[in-house]
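The chain contents come next:
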Amino acid sequence: MTDNLSGGCACGAVRYRLASRPMFVHCCHCHDCQRQTGTAFALNALIETDRVEILSGAPVPYAMPTDSGRPHNIYRCPSCQTAVWSEYGGLTKLRFVRVGTTLLPPDIHIYTRSKLPWVALPEGVPAFEAYYRSSEVWPAEALDRRRAIFG
Ligand SMILES: [Zn+2]
Ligand SMILES: [Zn+2]
């Protein structure tokens with residue numbers, strides 16, 4: 001892999017690197033993501049926790065209120081509070097890394113039922129009104145990786 005998939009927080013204290021490309025990239029238009037980011041949607045790269053190499057700093061988890069009631073921790077830089085990734089449903093082996101890069105465009109748009117009307121979706125990228133079944137959408141290689149961490 002030649003992509004340098006590294007990132008970090010606004011103040012520079014937290015730096016990390018993804019050891020490989022993610023399994024899948026979500027663009028989520030749900031109300032939780034809108035509230036928690038303060039904007040129209042969130043971009044999340046789904047990747048195995050052990051492929052997120054922390055180069056510096058120590059992101060701290062904060063429990064978020066959710067519409068679904070399922071647990072959601074947002075990991076933030078303790079200095080500048082930038083959100084760097086999330087952990088959903090207590091699934092500690094999977095990270096939802098916040099991304100915004102040409103290297104990782106969304107593979108799917110979800111919760112489009114609450115998408116803002118002035119956000120236009122690209123043709124050819126799957127879009128779902130709510131959530132979806134990964135078994136019906138993800139490529140086989142990504143499903144294999146998912147099975148490897150969840151069985
Ligand atoms: Zn920071
Ligand atoms: Zn969301």
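Right above here is the structure, for reference.
Before going into details, it helps to say that this report is about the structure given with it. (Residues numbered from 1 in each chain as written. Chains lettered and ligands numbered in written order. Predicted model: local features only at pLDDT ≥ 70, side-chain atom pairs only at ≥ 80, totals over all residues. Heavy atoms only, no water.)

Looking only at helices and strands, one finds three helices and 10 strands in the protein chain. In the protein chain, the succession of helices and strands from N to C terminus is β-β-β-α-β-β-β-β-β-β-β-α-α. Taken over the C-alpha trace, the protein chain has a radius of gyration of 15 Å; the compact-globule value for 151 residues is 15 Å, and the two agree within 12%. For the protein chain, the spread of C-alpha atoms along the principal axes amounts to about 35 × 35 × 30 Å. Buried residues in the protein chain amount to 40% of all 151 residues. Taking the contacts inside the protein chain whose residues are at least 6 apart along the sequence as the reference set, 56% of them involve residues at least 24 apart. (Helix = DSSP H or I, 4+ residues; strand = E, 2+ residues; numbered from the N terminus. Rg over C-alpha atoms; globule rule 2.2 N^0.38 Å. Buried < 20%, exposed > 50% of the residue type's maximum accessible area, 1.4 Å probe, protein only. Contact = heavy atoms within 4.5 Å.)

Four donors placed tetrahedrally around a metal ideally meet at 109.5 degrees, and six donors placed octahedrally ideally meet at 90 or 180 degrees. The coordination sphere of the zinc ion (ligand 1) contains the protein donors Cys9 (SG), Cys11 (SG), Cys77 (SG) and Cys80 (SG), at a distance range of 2.3 Å. All donors to the zinc ion (ligand 1) come from one chain, and their sequence spacing reads C-x1-C-x65-C-x2-C. Linking Cys11 in the loop between β1 (6-8) and β2 (15-18) with Cys80 in the loop between β7 (72-76) and β8 (83-88), this pair joins segments that are 69 residues apart in sequence. Judged by relative accessible area, Cys11 falls into the partly exposed class, the value being 44%. With relative accessibility at 28%, the residue Cys80 sits in the partly exposed group. (Donors = N, O, S within 2.8 Å, 3.2 Å for Na, K, Ca; no water.)

To continue, consider the nonpolar core. Note that soluble globular proteins tend to have their nonpolar side chains buried in a common cluster. By size, the foremost hydrophobic cluster in this structure holds 18 residues, and its most contacted members are Leu18 and Val97. Looking at this core, the elements that each hand over two or more residues are β2, β3 (24-28), β4 (42-48) and β8. Within the second largest apolar cluster, 16 residues are counted, among which are Ala42, Tyr132, Ala142 and Ile149. (Core = buried A, V, L, I, M, F, W, Y, C linked by side-chain atoms within 4.5 Å.)

The next point concerns unusual backbone geometry. At Gln81, a residue that is not glycine, the phi angle is positive and equals roughly 70 degrees. Here Gln81 lies in the loop between β7 and β8. Of note in the backbone geometry, Tyr111 takes a positive phi value of approximately 55 degrees without being a glycine. Of note, Tyr111 is situated in the loop between β10 (108-110) and α2 (134-137). When its relative accessible area of 21% is taken as the criterion, Tyr111 is described as partly exposed.

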